[in-house]
Amino acid sequence: MTTHDITLTVNGTAHDLTVESRTLLVHALRDDLGHTGTNVGCETSMCGACTVLVDDEAVKSCTLLAAACDGSEVQTVESLVDGGELHPLQEAFAQEHGLQCGFCTPGMLMTSLDLLAHDPDPSREEIREALEGNLCRCTGYQNIVNAVERAAQTMRAATDGGDRGGD
Amino acid sequence: MSSTPEFIDAHEAQRLRGSPVRRREDRPLLTGDAQYTDDISREDLLHLAFTRSHHAHARVEAIDTSAAEAMEGVVAVYTAADVAASGVTGEVPPVWLLPELKTPPYPMLARERVRFQGQPVAAVVAERRYLAADAADAIDVTYEKLDAVTSPGAATTEGAPQLHEEAPNNVAAEWEIGDREDTDAAFDRADHTVELDLVNQRLLPTAMEPRAVLAEYNASTEKATVHMSTQCPHLHRRFFCEMLDFPEHRMRVVAPDVGGGFGSKDSAHPDEALTIWAALQLERPVKWVATRTEGYASTGHGRGHETHAEMALSDDGDILAIRVHTDGDLGGYVSTFGALNPTWGYAPMLPGQYAMEAMHCTVTEAFTNAVPTEPYRGAGRPEASYVIERLVHLAAKEVGMDPADLRRRNYIPSDEFPYETTAGYLYDSGDYEKPLDRALELVGYDDLRARQAELRAEGRYLGIGISSYVESCGYGPSEIVGQIGGQLGLWETGVVRFHPSGKVTVFCGTSGHGQGHQTTYAQIVADELGVDFDDVDVVEGDTDEVPMGMGTYGSRSVTVGGAAVLTSARKAVEKARQIAAHQLEVATEDLEFESGEFSVTGAPDRAIHIQEVARQAYLAHDLPEGLEPGLEEESFYDPENLVYPFGVHVVVVEVDADTGELSFEKYVAVDDCGEQINPKIVEGQVHGAIAQGLGQGRFEGVVYDESGNLVTGSMQDYAVPKAHQLPHFETDHTVTPCPHNPLGVKGVGEAGTIAAPQAVVNAVCDALSPLGVDHIDMPVTDEAVWQAMNRAAATDGGAE
């Protein structure tokens, strides 16, 4: 089995690791590096539970080879808490009941993070479109849409006001 | 505008019960700290993978494991012969038995024959995850392929492929309920009858976390520990111990974080049991995690009915009787709860919300070459509600009444509860017109009907679909469960343990997986004890910590588990009262208890808080004579009756006249689950259930081809609804407390799943009524609509 020595920078920390050619990024993150926040739900790129940011872009880590990410910056759900404080997206998901079992939630958060980075003021319709690659079986999505909308407001207020904002 | 509760922090609530207290379980789920089964690792962990049958029906002639065994890092390869050599039967136990039900063995690994595609045939245990999968692929199984049948109706007809020698014509059981003669008499004198053939399609539950097991065995202590994605750890322990002949008191089953269940994680499965068996054989930790495709081919499917249904009516629109025959699909084997769904889970609810003279239903449970069916959110009630609500839709058209009026005319009147239905169930309480009124108001019914007429004149098809439902949930009491075939009691345990510090731990035998039990139970108990919400912790899902339990399914957690923890809290207050009275030197009846404080009537300064009583109870220096130290109470709550939540959902759709494309305009849900403990959590349950109901109505359906290949074998092929495919849900509620439940609660987790499918089908049929379309089987995809429109145009030229 061919192996590759690669470097992945995950949540700001560089890791050298040896992976098989076929090792999926999600398994490198979970099994080799212990970042189990990212979940595997479908292995076909459909459910989005495994979504992480690779070089600031939301991607599905269950169909991406780890070797192809050599030298990349990877951001997982574990990076979102800042100094013990929840990220505005996490706070909004909790406040809007945007999660039940929580299995899809890391992927939802990372996709939403990417969305808001590119569009700080999306419409509800645009939020629904942006989340079409992330399946949730518990919430019916409505409260997830509410959460992303709320987080967008909070984050815009923080940007405008120069602080982290609040309600 | 309907009500949308906002979460509040617990300290903002005047009273915890009834308040939308923010969920305490969210933080680890949001930060990635949650531990689902596959997140747990062990130093010397082994991975297990299965070789599963490619065929729906075949004789297993030979299994060549040599290539797999030769692979470096493969620790063991197992077939049915190894299981037999170990001396265990390893057969999945059916725990819902009907009279004369045929229960051919459902083994952990296939023996001489496979009966559905995806049935496990062999297993490999290896040092690494990918290697186990490689080795499972390297096992060469020689099959003699046999003809397959995947329709329950076709399975029981002459000449169908035969699955089990024990079950001639693939009939597992014939079953009936109601009164045939009275029903026939009502039909004989009816002014109108309507009839309908329908399919309630198989569904894939699709919990986002696939099933997973991590099993360990410690040879020194002779104890097994199993972490698994389960809805009912105690039941699973019982099932596995029975299958593996393992002593129940030495197996611990733990549900860590569980990524959804929807019924698919309450049955015992061959692959789960085999993983535990392998760990016992190898005395090393063994983990198996289903891939999605593997899960779709082996986790129980839901629904699966082929039904003929009839309704008899008077000229005035009175429902006289219904007559139903259904072929219920069990799949290749009888699963743990498989026999329940098409019989007791279904047929008694066929009368729905309506008073009628008689009903009669016959059920044929059939074996087919498909994955065994199991409970799936609603488990029988959605299938029943679908039948009655489709009949009512047709009946309204037949007698020329508005469908809302026909429903109202036939509802069981609110002053007739408790009401014994013609199927023999005793509906506890109900006020069916209230949610109807509210739903029609919210949707703007009269205006919609006017707009519908205007649009029709323009060649546009607007449809309004009404769905009234009543469901039975919170199954019990245990004696009745036994009488109708259940090989289990359906009580629940609750333990309330004060610590010497006055803090409280609550243990419950239910096992939440997204429903917010940590929050809900803490609300119930903190209120009852008069202690701070943050002083109450909740433990579930661990057979070593929770004394006994039955688990979470069938909307039983708050109705049965909540009642159990409430009962224990009340017992704790009564014991504390004895200690308080002793220490305050008054009689117990002279003490008042409010907000955690015992005070002497008429002398409120003489008081002691229950948390101080707890300290005294453990100090045990000054207790009433004969009273045991400590402050901990346990109860086994056995419900008096089922609970019967109800409601009305209305959906508005528009169908594109050219393409059949269907768009949702509005969805209104008014549910009555009695008292609500946490309205925000209730709303979340309603939303999620509607989404799954709309999934069935609009998108989802298991497809097998003629050879029994599972065509919808991955998420690429099976249409779980996405965010942009669902409408905005407008929700509201009425409150009709359950009279026999100490919290006044009824279940809510399945309501939307029960209500939504027929709302969609009724709406589409309403939209297309000018074309004479009376019925479209689910899922009502755009293509299905388009085909129905074209069929209608071809048969009668379109417009009436």
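Refer to the structure above for everything that follows.
This text gives an overview of the structure that appears in the document. All values reported here derive from a predicted model rather than from experimental measurement. (Residues numbered from 1 in each chain as written. Chains lettered and ligands numbered in written order. Predicted model: local features only at pLDDT ≥ 70, side-chain atom pairs only at ≥ 80, totals over all residues. Heavy atoms only, no water.)

### Points about the overall build of chain A
Scanning chain A for helices and strands turns up 5 helices and 5 strands. Seen in sequence order, chain A has helices and strands lined up from the N terminus as β-β-α-β-β-β-α-α-α-α. The C-alpha atoms of chain A give a radius of gyration of 16 Å, which matches the 15 Å a tight globule of 167 residues would have. Across the 167 residues in chain A, those meeting the buried criterion constitute 58%. Taking the 9 positively charged and 27 negatively charged side chains of chain A as two groups, their mean positions are separated by 9 Å. (Helix = DSSP H or I, 4+ residues; strand = E, 2+ residues; numbered from the N terminus. Rg over C-alpha atoms; globule rule 2.2 N^0.38 Å. Buried < 20%, exposed > 50% of the residue type's maximum accessible area, 1.4 Å probe, protein only. Lys, Arg positive; Asp, Glu negative; His and termini not counted. Charge placed at Lys NZ, Arg CZ, Asp CG, Glu CD.)

### Some thoughts on the state of the cysteines
As enumerated under the stated definition, the model contains 0 disulfides over all chains in all. Looking at the unpaired Cys-738 of chain B, the closest cysteine sulfur is the one in Cys-473 of chain B, lying at 9.4 Å. (Disulfide = S-S within 2.5 Å.)

### A short note on the interface of chain B and chain A
The accessible area lost on association of the parts is a frequent measure of interface size. Every contact between the two is made by 57 residues of chain B and, on the other side, 51 residues of chain A. For the pair chain B and chain A, the summed buried area comes to about 4,700 Å², and 51% of that belongs to carbon and sulfur atoms. Seen at the junction of chain B and chain A, the total is 7 salt bridges. Inspection of the chain B/chain A interface yields 32 residue pairs in polar contact (both at pLDDT 80 or more). Among the secondary structure elements, those contributing two or more residues to the side of chain B that touches chain A are helix H1 (26-31), helix H4 (129-138), helix H9 (292-296) and helix H18 (679-699) of chain B. Among the elements that make up the side of chain B that touches chain A, the one with the highest residue count is H18 of chain B (9 residues). (Contact = heavy atoms within 4.5 Å. Buried area = accessible area lost by both parts, 1.4 Å probe. Salt bridge = Lys/Arg side-chain N within 4 Å of Asp/Glu carboxyl O. Polar contact = N/O pair within 3.5 Å; in protein donor to acceptor, adjacent residues only side chain to side chain.)

### Remarks on the packing of helix H10 (residues 381-399) of chain B against helix H19 (residues 751-767) of chain B
Residues and elements named next belong to chain B. Where H10 contacts H19, the two axes come as close as 8 Å, and the packing angle between them is 30°. The orientation of H10 with respect to H19, classified from their angle, is roughly parallel. For the crossing formed where H10 meets H19, the hand is right-handed. Contacts from Arg-381, Pro-382, Ser-385, Tyr-386, Glu-389, Arg-390 and His-393 in H10 reach Thr-753, Ile-754, Pro-757, Gln-758, Val-761, Asn-762, Cys-765 and Asp-766 in H19. When the residues that make up the contact of H10 with H19 are grouped by side-chain class, the tally is 6 nonpolar, 5 polar and 4 charged. (Axes fitted to C-alpha atoms, helices over the stretch in contact; angles between N-to-C directions. Parallel < 35°, antiparallel > 145°, perpendicular 65-115°, else oblique. Left-handed = near helix turned anticlockwise from the far one by under 90°. Nonpolar A, V, L, I, M, F, W, Y, C, P; charged D, E, K, R; others polar.)

### Focus on a negative patch on the surface
Residue and element names in this part refer to chain A. A contiguous patch of negative charge, built from Asp-55, Asp-56, Glu-57 and Glu-73, is present on the exposed surface. Relative to the helices and strands, Asp-55 is located in the loop between strand S3 (51-54) and strand S4 (57-60). Relative accessible area serves as the criterion here: at 44%, Asp-55 is assigned to the partly exposed category. (Patch = residues over 30% accessible without salt bridge, like charges linked within 9 Å, V, L, I, M, F, W, Y side chains within 5 Å. Areas by Shrake-Rupley, 256 points an atom, 1.4 Å probe, with all protein chains shown as cover.)

### Re empty space enclosed by the protein
Residue and element names in this part refer to chain B. Scanning the model with the defined rule gives 9 cavities of 30 Å³ or more in all. For the largest cavity, the calculated volume is near 780 Å³. Lining the largest cavity are 48 residues, and of these Tyr-553, Gly-554, Ser-555, Arg-556 and Gly-749 lie nearest its centre. Of the residues contributing to the lining of the largest cavity, the split by class is 18 nonpolar, 23 polar and 7 charged. (1 Å grid on protein atoms, 1.4 Å probe; cavity = no way out; pocket = protein on both sides within 12 Å on 5 of 7 lines; lining within 4 Å. Points joined across faces, edges and corners; volume = space filled by probe spheres on them.)

### Observations concerning unusual backbone geometry
Cis geometry is found at the peptide bond from Gly-476 of chain B to Pro-477 of chain B, where omega equals -5°. As for its position among the elements, Pro-477 of chain B is in the loop between strand S18 (461-470) and helix H14 (478-483). Here the bond from Met-778 of chain B into Pro-779 of chain B is cis, since omega is -5°, no more than 30 degrees from zero. Structurally, Pro-779 of chain B can be placed in the loop between H19 and helix H20 (782-796). With a phi close to 75°, Tyr-141 of chain A is a non-glycine residue in the positive phi region. Residue placement: Tyr-141 of chain A occurs in the loop between helix H4 (124-130) and helix H5 (142-161). On the basis of relative accessibility, which here comes to 1%, the residue Tyr-141 of chain A falls in the buried class.

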